[in-house]
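# Remarks on the overall topology
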Amino acid sequence: MAIAPSQPALSLPDHTQLPETDGTFVKNFQEHPQSLLLTDSIRPVLDALHPDGQYAIGQDCGIYWRLTDPPERGAEAPDWFYVPNVPPLLDGQRRRSYVLWQEIIAPLIVIEFVSGDGSEERDTTSPLASPESKAGKFWVYEQAIRVPFYAIYEVDKASVEVYELVGNHYQRYTPNERGHFPIDPIGVELGIWQGQYLNQDLPWLRWWDCEGNLLLNGDERAEQARQRAEQERQRAEQERQRAEQERQRAEQERQRAEQEKERGDRLAAKLRELGINPEDL
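The text that follows walks through the structure, step by step, so that each part is easy to find. If you're wondering where the values come from, they're calculated on a predicted model, not measured in any experiment. In every chain, residue numbers begin from 1 and rise along the written sequence. Per-residue local features are limited, in this predicted model, to residues with pLDDT of at least 70; the limit for side-chain atom pairs, both in listing and counting, is 80 or more; totals at the level of whole chains, interfaces and linings are taken over all residues. For side-chain calculations, the full set of non-hydrogen atoms in the structure is used, while hydrogens and water are omitted.

## A few points about helix α4 (residues 218-273)
Per the convention used, a helix needs a DSSP run of H or I reaching at least four residues, while a strand needs a run of E reaching at least two, with both numbered from the N terminus. One fewer than the residue count of a helix, multiplied by 1.5 Å, yields its expected span. Its 56 residues place the ends of α4 81 Å apart at the C-alpha level, agreeing with the 82 Å of an ideal helix rising 1.5 Å per residue. Capping of α4 at its N-terminal end is provided by asparagine 217; its side-chain oxygen lies 3.0 Å from the backbone amide nitrogen of aspartate 219. Looking at the residues trailing α4, positive phi occurs at glycine 275, about 85°. Two N or O atoms form a polar contact when they lie within 3.5 Å of each other; inside protein one atom must be a possible hydrogen donor and the other a possible acceptor, and for residues adjacent in sequence the pair counts only when both atoms belong to side chains.

## Quick look at the sheet that holds strand β2 (residues 63-64)
At least two bridges found by DSSP between two strands are what make those strands a pair. Reading across from one edge, β3-β2-β5 is the order of the three strands in this open sheet, with mixed pairing throughout. The open sheet is flanked by β3 (75-76) and β5 (98-99), the only strands paired with a single partner.

## Considerations on the packing of aromatic side chains
Under the pairing criterion, centres of Phe, Tyr and Trp rings, with the six-membered ring standing for Trp, must be within 6.5 Å; the plane angle then separates stacked pairs below 30 degrees from edge-to-face pairs above 60, leaving the rest tilted. Enumeration according to the criterion identifies 15 aromatic pairs in this entry. Judged by centre distance (5.8 Å) and plane angle (85°), the ring pair of phenylalanine 113 and tyrosine 153 falls under edge-to-face. One end of the pair, phenylalanine 113, is in strand β6 (residues 109-113); the other, tyrosine 153, is in strand β7 (residues 149-154), with 40 residues separating them in the sequence. Judged by its relative accessible area of 1%, tyrosine 153 falls in the buried class. Ring geometry for tyrosine 163 against tyrosine 170: centres 6.3 Å apart, planes inclined by 50°, an arrangement best described as tilted. Exposure classes here rest on a 1.4 Å probe applied to the protein chains alone. A residue is buried below 20% of its type maximum, exposed above 50%, and partly exposed in between.

## Re the pairing of strand β12 (residues 200-209)
Where strand β11 (residues 188-197) and β12 come together, ten bridges link them in antiparallel fashion. Within the sheet, the bridge partner assigned to glycine 195 lies in β12 and is leucine 202. In textbook terms, the turn of a hairpin is the stretch between consecutive antiparallel strands, and for β11 and β12 this stretch comprises two residues, one of which, leucine 198, has a positive phi near 45°.

## Topic: the pattern of salt bridges
We define a salt bridge as a contact between a side-chain nitrogen of Lys or Arg and a carboxyl oxygen of Asp or Glu at a distance within 4 Å. Under the criterion given, the structure shown has 25 salt bridges. Here lysine 157 makes a salt bridge to glutamate 154, at a shortest N to O gap of 3.7 Å. Exposure remark for lysine 157: the relative accessible area of 57% places this residue in the exposed category. For glutamate 154, a relative accessible area of 7% puts it in the buried group. Arginine 206 is the salt-bridge partner of glutamate 220, the closest N and O atoms lying 2.7 Å from each other. Linking glutamate 220 in helix α4 with arginine 206 in strand β12, this pair joins segments that are 14 residues apart in sequence. Looking at glutamate 220, the relative accessible area reads 22%, which means it is partly exposed. Look at arginine 206 and you get buried, because its relative accessible area is 1%. A single salt-bridge network, built from bridges that share partners, covers Arg122, Glu154, Lys157, Glu161 and Arg172.

## Looking at the environment of asparagine 176
Looking at the element boundaries, asparagine 176 is found in the loop between β9 (169-172) and β10 (181-183). For asparagine 176 and glutamate 189, which are 13 residues apart along the polypeptide, the C-alpha to C-alpha distance reads 9.3 Å. Whether two residues are in contact is decided by their heavy atoms, any of which lying within 4.5 Å being enough. Leaving out residues up to four positions away in the same chain, asparagine 176 has contacts with Pro182 and Glu189.

Right under this line is the structure:
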């Protein structure tokens, strides 16, 4: 009886075998500091949420959602994204990309920075429309990767749109009374902040806590700590000055009391010279 040849084990490429880049340029000089600002300011929140350190943040890193030829056709590289409950390293190696068939867990939030007219970030083209169709970013995040929150940030318009995955489709999120978009699973809000960061005065995309307090970046936290230390120093100096004033007042009172006693002693002595006992008065 003939024995059928064994089938080779199915082997899918992992993050070390897939392309690390598609060769495109970062669109402008604002995108890198914007990513730094998002990461730096939310890191204390994520560290508190993940005391075991099990989370990953990606910037312009490929998320491979299907195997294609060429491989890049089955990947999207968001400008910024956060994945909860995954190790920051894989087997001690830095991540080259995020491979869904290897990881399973989808990012919680994906953010795209618009550098053109925004059509690329809002492209809902399905790859099922025709063999030549390239999946649009919006379709990939909504239908393939199924990211719970998708944000589209346009610095030139000082605006951000946030979409929440409800059922099988994205619904555009309505901002709260502060003009921010709550990302409830991590207890933060996303919105626009006008100010200077790394010598650029622009409408930056930033995080706030659920009470509307701006989440500070490292430089701002250091400046806040410096100001608190300076306020403490000033309070301590004021306390020292008040204590010194109290000491001086006490010394003046002591001197006045000593002077009164000396005057009383001189008067008593004078009365005694006149033959009058001061105690009889």
